[in-house]
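Residue-level listing of the chains:
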Amino acid sequence: NGCLEACQYLIEKGAFPDSKAKHRTTPFQLAVWQNNLSIARWLVEECDVDPSQVNDFGCGAVHWMAISPPCRADSTGRGDALLPMARWLSYLKSVNYHLKQAHGHTCLHKAAWMGHVDFCSYLHEEHNFWDDCTDLAGNYAADLADMASQPRNMPSRPN
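In this report, we go over the structure that sits alongside the text. Please read all numbers here as calculations on a predicted model, not as lab measurements.

### Digging into the overall build of the chain
Okay, so step 1: Broken down by element type, the chain carries 9 helices and 0 strands.
Okay, so step 2: N-terminal to C-terminal, the α/β element order of the chain is α-α-α-α-α-α-α-α-α.
Okay, so step 3: Taking 2.2 N^0.38 as the reference for a compact globule, 159 residues should give roughly 15 Å; the C-alpha atoms of the chain span a radius of gyration of 17 Å, in line with that estimate.
Okay, so step 4: Projecting the C-alpha coordinates of the chain onto the three principal axes gives extents of approximately 60 × 45 × 30 Å.
Okay, so step 5: By residue count, 41% of the 159 residues in the chain fall in the buried class.
Okay, so step 6: Look at the contacts in the chain between residues 6 or more apart in sequence, and 70% of them connect residues 24 or more apart.
Okay, so step 7: Across the chain, the mean location of the 13 positive side-chain charges is 6 Å away from that of the 18 negative side-chain charges.

### Describing the packing of aromatic side chains
Okay, so step 1: The final tally for this structure, using the stated rule, is 2 aromatic pairs.
Okay, so step 2: Aromatic pair F119 and Y122: ring centres 6.1 Å apart, planes at 15°, arrangement stacked. Here F119 and its partner Y122 are both found in helix α8 (residues 117-127), 3 residues apart, which amounts to about one turn of the helix.
Okay, so step 3: By way of ring pairs, the aromatic residues Y97, F119 and Y122 are connected into one cluster.

### Remarks on the pattern of salt bridges
Okay, so step 1: Counted under the stated rule, the structure contains 4 salt bridges.
Okay, so step 2: Here D18 ties to K20 by a salt bridge, and the two come within 3.6 Å at their closest N and O atoms.
Okay, so step 3: The class for D18 is buried, based on a relative accessible area of 15%.

### Comments concerning the nonpolar core
Okay, so step 1: With 36 residues, the main nonpolar core has F28, V32, M65, L89, Y97, F119 and L123 as its most contacted residues.
Okay, so step 2: Looking at this core, the elements that each hand over two or more residues are α2 (27-33), α3 (37-45), α4 (61-66), α6 (83-91), α7 (107-114) and α8.
Okay, so step 3: Excluding anything up to four places from it in sequence, M65 contacts V32, L82, M85, A86, L89, Y97 and F119.

Definitions and cut-offs
- Residues numbered from 1 in each chain as written.
- Predicted model: local features only at pLDDT ≥ 70, side-chain atom pairs only at ≥ 80, totals over all residues.
- Heavy atoms only, no water.
- Helix = DSSP H or I, 4+ residues; strand = E, 2+ residues; numbered from the N terminus.
- Rg over C-alpha atoms; globule rule 2.2 N^0.38 Å.
- Buried < 20%, exposed > 50% of the residue type's maximum accessible area, 1.4 Å probe, protein only.
- Contact = heavy atoms within 4.5 Å.
- Lys, Arg positive; Asp, Glu negative; His and termini not counted.
- Charge placed at Lys NZ, Arg CZ, Asp CG, Glu CD.
- Phe/Tyr/Trp six-rings, centres within 6.5 Å; stacked < 30°, edge-to-face > 60°.
- Salt bridge = Lys/Arg side-chain N within 4 Å of Asp/Glu carboxyl O.
- Core = buried A, V, L, I, M, F, W, Y, C linked by side-chain atoms within 4.5 Å.

See the structure below:
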């Protein structure tokens, strides 16, 4: 929940900094997902957590960052608050921005799905991403953005 002091206390008392939860999700992945740079950095720099780790679906740090909830990713509604985390992760040589996970999604697919436009622009400008590859279902990142913007499973309104 974003409390560095609580994390430090738990590690001090014997908690394992790289413990695995369901689908091999780790505290580092959750810190990145919540866009908590101070905890993610602390886990990597002080607890020697491997930033290149992936979960059972092959999602790495860049995928987790790309699906960060809007309340953590936005100050403008465009994913701009993700940029400090994105820049830090890009300095870590073991983090692969072009990693595809089990469904063929890149971080661009995930960011487009979430509507993180500023992060999508960053991926294009800094990591040479183009919307030129499909996931395993044949969807480009723009297709996922379109799908995400459509109302789904909405009950019809009675007349």
